[in-house]
Amino acid sequence: MTEGHVFIATSLDGFIARPDHGLDWLTGRDFSGEDHGYAAFLAEMDGIVMGSATFRTVAGFDPWPYALPVVVASRSMTTADLPPALSQRVRVMADPPAALMARLGAEGWQRAYVDGGALIRSFLAAGLIRRLTITTVPVLIGAGRPLFGGTGADIALHHAETRSFPSGLVQSTYRVPAP
Ligand SMILES: NC(=O)c1ccc[n+]([C@@H]2O[C@H](COP(=O)([O-])OP(=O)(O)OC[C@H]3O[C@@H](n4cnc5c(N)ncnc54)[C@H](OP(=O)(O)O)[C@@H]3O)[C@@H](O)[C@H]2O)c1
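Just so it is clear, the structure is predicted and the values come from calculations on it, not from any experiment.

A. Quick look at the overall build of the chain. Within the chain, the regular secondary structure consists of 5 helices and 10 strands. Taken over C-alpha atoms, the radius of gyration comes to 16 Å for the chain, in line with the 16 Å a tight globule of 179 residues would show. Each of the three principal axes of the chain carries a C-alpha extent, and together these read 40 × 40 × 30 Å. With 179 residues in all, the chain has 42% of them scored as buried.

B. Structural context of the site of the ligand. Taken together, 24 residues form the shell around the ligand, and within it His 21, Ser 52, Thr 54, Ser 74 and Arg 75 come nearest. Between Arg 75 and the ligand, the recorded distance is 2.6 Å, taken from a backbone N or O atom to an oxygen atom. Note that an oxygen atom of the ligand is positioned 3.1 Å from one of the backbone N or O atoms of Gly 117. About the coverage of the ligand: the protein hides 85% of its 930 Å² of free accessible area.

C. Region of the structure containing the side chain of Ser 52. Structurally, Ser 52 can be placed in helix 3 (residues 52-58). A relative accessible area of 16% places Ser 52 in the buried class. With residues up to four places along the chain from it excluded, the contact list for Ser 52 reads Val 72, Ala 73, Ser 74 and Met 77.

D. Summary view of the sheet that holds strand 9 (residues 158-164). Judged by pairing direction, the sheet is mixed, and its 8 strands sit side by side in the order 5-4-3-6-1-7-10-9 without closing on themselves. A single partner strand is all that each edge strand has here, and the edge strands are strand 5 (90-93) and strand 9. Pairs of neighbouring strands in the sheet enclose a mean axial angle of 20 degrees, with direction left out of account. Those strands touched by helix 4 (residues 97-106) are strand 1 (3-11), strand 3 (47-51), strand 4 (70-73), strand 5 and strand 6 (111-115), and its axis lies near 140 degrees from that of strand 5. Helix-sheet contacts for helix 5 (residues 117-125) involve strand 1, strand 3, strand 4, strand 6 and strand 7 (129-137), and the interaxial angle to strand 6 is about 130 degrees.

E. How the structure looks around helix 4. Among all positions in helix 4, only Leu 100, Met 101 and Leu 104 are buried. The buried residues of helix 4 occupy an angular sector of 95 degrees when projected down its axis, which confines them to one face. Note on helix 4: the residue one or two positions beyond its end, Gly 108, has a positive phi of about 105 degrees.

F. Spotlight on the nonpolar core. Counting residues in hydrophobic clusters, the biggest one holds 23 residues, and the most contacted among them are Val 49, Leu 100, Met 101, Leu 104, Val 114, Phe 123 and Ile 129. Among the elements of the structure, strand 1, strand 4, helix 4, strand 6, helix 5 and strand 7 are those that each provide at least two residues to this core. Top element by residues in this core is helix 5. It accounts for 4 residues. If we skip the residues at most four places from it in the chain, Phe 123 touches Val 49, Pro 97, Met 101, Val 114, Leu 128 and Ile 129.

G. Structural detail: the pairing of strand 6. Most of strand 6 sits out of view: 4 of its 5 residues are buried. Here 3 bridges tie strand 1 to strand 6, and the two strands are oriented parallel to one another. Bridge pairing in strand 6 links Gly 4 to Ala 112. Of the strand pairs in this sheet, strand 3 and strand 6 are connected by 4 bridges, and their pairing is parallel. Across the sheet, Gly 47 pairs through a bridge with Ala 112, a residue of strand 6.

Analysis parameters
- Residues numbered from 1 in each chain as written.
- Predicted model: local features only at pLDDT ≥ 70, side-chain atom pairs only at ≥ 80, totals over all residues.
- Heavy atoms only, no water.
- Helix = DSSP H or I, 4+ residues; strand = E, 2+ residues; numbered from the N terminus.
- Rg over C-alpha atoms; globule rule 2.2 N^0.38 Å.
- Buried < 20%, exposed > 50% of the residue type's maximum accessible area, 1.4 Å probe, protein only.
- Near = heavy atom within 4 Å.
- Polar contact = N/O pair within 3.5 Å; in protein donor to acceptor, adjacent residues only side chain to side chain.
- Areas by Shrake-Rupley, 256 points an atom, 1.4 Å probe, with all protein chains shown as cover.
- Contact = heavy atoms within 4.5 Å.
- Pairing = 2+ DSSP bridges.
- Axes fitted to C-alpha atoms, helices over the stretch in contact; angles between N-to-C directions.
- Arc of directions from axis to C-beta.
- Core = buried A, V, L, I, M, F, W, Y, C linked by side-chain atoms within 4.5 Å.

In structure tokens form, the structure reads like this:
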């Protein structure tokens, strides 16, 4: 079974995007000279599993930002909905979380970068996430797409590390024990 790992930025009030999916509160900041560990994180991953809402945002990025293979989790999209330029780099899978991770495990993926708030929550609820690295941006945006909520029974986390950066980012990493 592939392990899920999360590396995500949130506002201090817990949102990963504005209600209209805007990311200006994150991308409009100056982080020059800071290494937040994203490249090192990616180097440990075999691929990326993202929710379809996240895919719709990143599909508009030019150039395409990922070297790793990408799987879009979607029950409404099909491979036919992918832009032609991405058809060799992106697949769509409709499997429930555990079945999806088992399928990727059978392909040899040991670790997947799981991205998108709703997708992360459902993978957490299914016990498929082993590590959360959450970078908190010092801003309150008041409303938006949440990272957490609705995951059911308590999920106990082990704090591994917290570090802060001159820009005001605070990054905490938690290990999530296997259920
Ligand atoms: N701040 C950051 O670091 C960061 C990181 C990632 C994303 N974002 C932003 O967050 C927003 C997207 O997050 P989101 O929470 O709205 O959506 P999301 O998790 O990206 O996508 C949710 C969609 O994925 C599909 N899906 C398939 N299997 C699922 C499952 N098991 N559980 C849940 N959803 C499943 C569903 O749509 P269908 O099945 O109908 O297709 C669902 O509506 C975007 O604006 C993106 O840019 C920010």
